[in-house]
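# Geometric and topological summary
Residue-level listing of the chains:
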Amino acid sequence: MKQIIEQFIADVEKRNQHEPEFMQAVREVAENVIPYIVQHDIYHGKNILMRMAEPERVVSFRVPWIDDTGEIRVNRGFRIEMNSAIGPYKGGLRFHQSVNLSILKFLAFEQVFKNALTTLPMGGGKGGADFDPKGKSDGEVMRFCQSFMTELFRHIGPNRDIPAGDIGVGGREIGYMFGQYKRLKNEFTGVLTGKGISWGGSMIRPEATGYGAVYFAENMLSTKSDGLQGKSVVISGSGNVAQYAAEKCIQLGAKVLTLSDSSGYVMDPDGIDADKLAFVIDLKNNKRERISKYVDAYPRARFHAGERPWAVPCDVALPCATQNELDENDAKQLAVNGCICVSEGANMPSTPQAIKVFHANKMLYAPGKASNAGGVAVSGLEMAQNSLRYSWTREEVDERLQAIMSDIHNSCVAYGQNGDHVNYEKGANIAGFVKVADAMLAQGVV
Ligand code: NDP
Ligand code: 2IT
């Protein structure tokens, strides 16, 4: 078996050289799915996983724009249309200086499995640009978004490819891109999700990824007759996902100890309560400031420059910043400190070695493609509402989100149960694979 997997990885690597993040994501899936394929005749001789590892289409384009000093800048934009077997391409756009083909292909690949798990009819895609929104004026961000959409618009559409937000792309950026799309096409359609409430957005979409990751943690804990009430929680990141993960933890009676950004983390021994979180949300979303400012307002808290929060003792850890932000040593530290549950809000935040440590310690560990699927799930609900030309209430959307997270949890258990332990990573990969693979088989070699 090991040899079959290594041969497959070598074949994929041959035409995807210098793409470490993409290969990391493919390897994780291959290690779980190939043994399953070997046991199931219908997938034999179809080269199905190799087809899944090859994007249906990759678009790369120049994004020129003019900064506030009049200088002409150039960035590189991408859209990876990975798989449309079960629905139109769907997935976020990331604006971050680190963006490259490897990172977007890993995200698009993960998205295919994640979207399949949501139970909604969405294929997988991802895009973005190596544009750094930090320190840019609103005018600069608008001009960048308009230039980006001036090329992207010809590749997307409400029945073809529906982008949304990710790192560096929130409500402001979606607004500017939607405006430009509408102007270019002269039509008002649900071509993006994460829109504002008054122009086609869905209730709960901003909250959905963070809330969903916490609902998933609650589902995992409930298998041990436990819950978040009274638990101490360590969260990384302080952006969209981290903020609403923290909000839901607080609502469920947990104590949130940390938040972070790429400069370091803050630890508040008294817990980050609803008022303090409102301060953080204003700090990050309106003032666009750094998390270190938290300690100016709450002096009992400490800022740890250049460090990640995983050494802080906790019951539950929610990595909500970025890929590979939690390594083997961090995982060992969490285990030694008694952490029982890790629910990923970010995409691929734990390294493969860290995941091995979680399994070895029989921790409740959920991979992002399962636990952060609430975001894209509510994006799917936003598309449904746009098609209906109707909108559901906050309660209706939240109820659907909770039901979807519980369905995803059940799928992971169905394919990942191993004695008294559930391997959610294996469960998510196989459940996602089966849905997409069956659709691909039905549609022939396309
Ligand atoms: P935001 O841009 O709102 O926030 C990102 C946060 O992560 C910031 O605090 C940022 O700090 C931190 N961060 C980013 N890059 C790094 C880095 N290299 N090292 C340390 N910290 C970093 O993004 P989101 O909250 O939307 O996304 C966070 C994660 O969740 C990503 O992995 C994303 O793919 C994933 N995700 C997002 C979904 C969504 O709906 N938005 C859905 C599903 C998954 P700083 O400001 O210093 O950069
Ligand atoms: O990684 C993700 O699932 C997202 N960034 C959200 C994608 C979406 O289409 O809402």
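Conventions used here
Residues numbered from 1 in each chain as written. Chains lettered and ligands numbered in written order. Predicted model: local features only at pLDDT ≥ 70, side-chain atom pairs only at ≥ 80, totals over all residues. Heavy atoms only, no water. Pairing = 2+ DSSP bridges. Helix = DSSP H or I, 4+ residues; strand = E, 2+ residues; numbered from the N terminus. Axes fitted to C-alpha atoms, helices over the stretch in contact; angles between N-to-C directions. Buried < 20%, exposed > 50% of the residue type's maximum accessible area, 1.4 Å probe, protein only. Contact = heavy atoms within 4.5 Å. Near = heavy atom within 4 Å. Polar contact = N/O pair within 3.5 Å; in protein donor to acceptor, adjacent residues only side chain to side chain. Areas by Shrake-Rupley, 256 points an atom, 1.4 Å probe, with all protein chains shown as cover. Nonpolar A, V, L, I, M, F, W, Y, C, P; charged D, E, K, R; others polar. Salt bridge = Lys/Arg side-chain N within 4 Å of Asp/Glu carboxyl O. Patch = residues over 30% accessible without salt bridge, like charges linked within 9 Å, V, L, I, M, F, W, Y side chains within 5 Å. Phe/Tyr/Trp six-rings, centres within 6.5 Å; stacked < 30°, edge-to-face > 60°. Lys NZ or Arg CZ within 6 Å of the ring centre and 35° of its normal.

Moving on, we get to the sheet that holds strand 5 (residues 161–164). Strand order in this open sheet of five strands is 1-2-4-3-5, and the pairing throughout is mixed. The open sheet terminates on both sides in strands that have one partner only, identified here as strand 1 (57–66) and strand 5. On average, adjacent strands in this sheet sit at an angle of 20 degrees to one another, irrespective of strand direction. Sheet analysis places strand 2 (residues 72–83) next to strand 4 (residues 124–129), joined by six bridges and oriented antiparallel. Across the sheet, the residue bridging to E81 is G125, located in strand 4.

Before going further, it helps to spend a moment on the environment of K293. For K293, the location among the structural elements is in the loop between helix 9 (274–286) and helix 10 (294–297). On the basis of relative accessibility, which here comes to 34%, the residue K293 falls in the partly exposed class. C-alpha separation for the pair K293 and G123, spaced 170 residues apart in sequence, amounts to 40 Å. If we skip the residues at most four places from it in the chain, K293 touches F279 and L283.

By nearness alone, 25 residues border ligand 1, and D166, T209, S262, R290 and N347 come closest of all. Here an oxygen atom of ligand 1 sits 3.0 Å away from a polar atom, N or O, in the side chain of R94. With respect to ligand 1, the side chain of S262 contributes an N or O atom lying 2.5 Å from an oxygen atom. When ligand 1 is considered free in solution it has 880 Å² of accessible area, and contact with the protein chains removes 84% of it. Its residues assigned to classes, the shell around ligand 1 comprises five nonpolar, 13 polar and seven charged.

For the rest of this paragraph, the subject is the pattern of salt bridges. According to the stated counting rule, one finds 29 salt bridges in the structure shown. We note a salt bridge from D268 to K276, for which the minimum N-O separation is 3.0 Å. Each of the two residues, D268 as well as K276, counts as buried. Salt-bridge contacts for R308 lead to D327; the nearest nitrogen and oxygen are separated by 3.3 Å. Separated by 19 residues along the polypeptide, R308 in the loop between strand 9 (302–305) and strand 10 (316–318) and D327 in the loop between strand 10 and helix 11 (328–336) bring together distant segments of the chain. A network of salt bridges, in which partner residues are shared, links K2, E6, R27 and E31.

Looking now at a nonpolar patch on the surface. A contiguous nonpolar surface patch, about 260 Å² in accessible area, is contributed by M1, I4 and V38. Counting through the fold element by element, I4 comes out in helix 1 (residues 2–14). On the basis of relative accessibility, which here comes to 46%, the residue I4 falls in the partly exposed class.

A separate point is the packing of aromatic side chains. A complete count under the given rule lists 22 aromatic pairs for this structure. Both rings, one in Y36 and one in Y415, keep their centres 6.1 Å apart while their planes meet at 75 degrees; by these two values the pair is edge-to-face. In this pair, Y36 is assigned in helix 2 (residues 20–39) and Y415 in helix 15 (residues 394–416), connecting sequence segments 379 residues apart. Assessed through its relative accessible area of 31%, Y415 is described here as partly exposed. With a centroid separation of 6.3 Å and 75 degrees between ring planes, the pair formed by Y211 and Y244 is classed as edge-to-face. With Y211 in helix 7 (residues 205–222) and Y244 in helix 8 (residues 240–251), this pair connects stretches of sequence that are 33 residues apart. Linked through ring pairs, F61, W65, F95, F131, F144 and F148 together constitute an aromatic cluster. Cation over ring: K248 sits above Y211, and NZ or CZ is 4.3 Å from the ring centre. Here K276 stacks its cationic end above the ring of Y298, 5.5 Å away from the centre of that ring.

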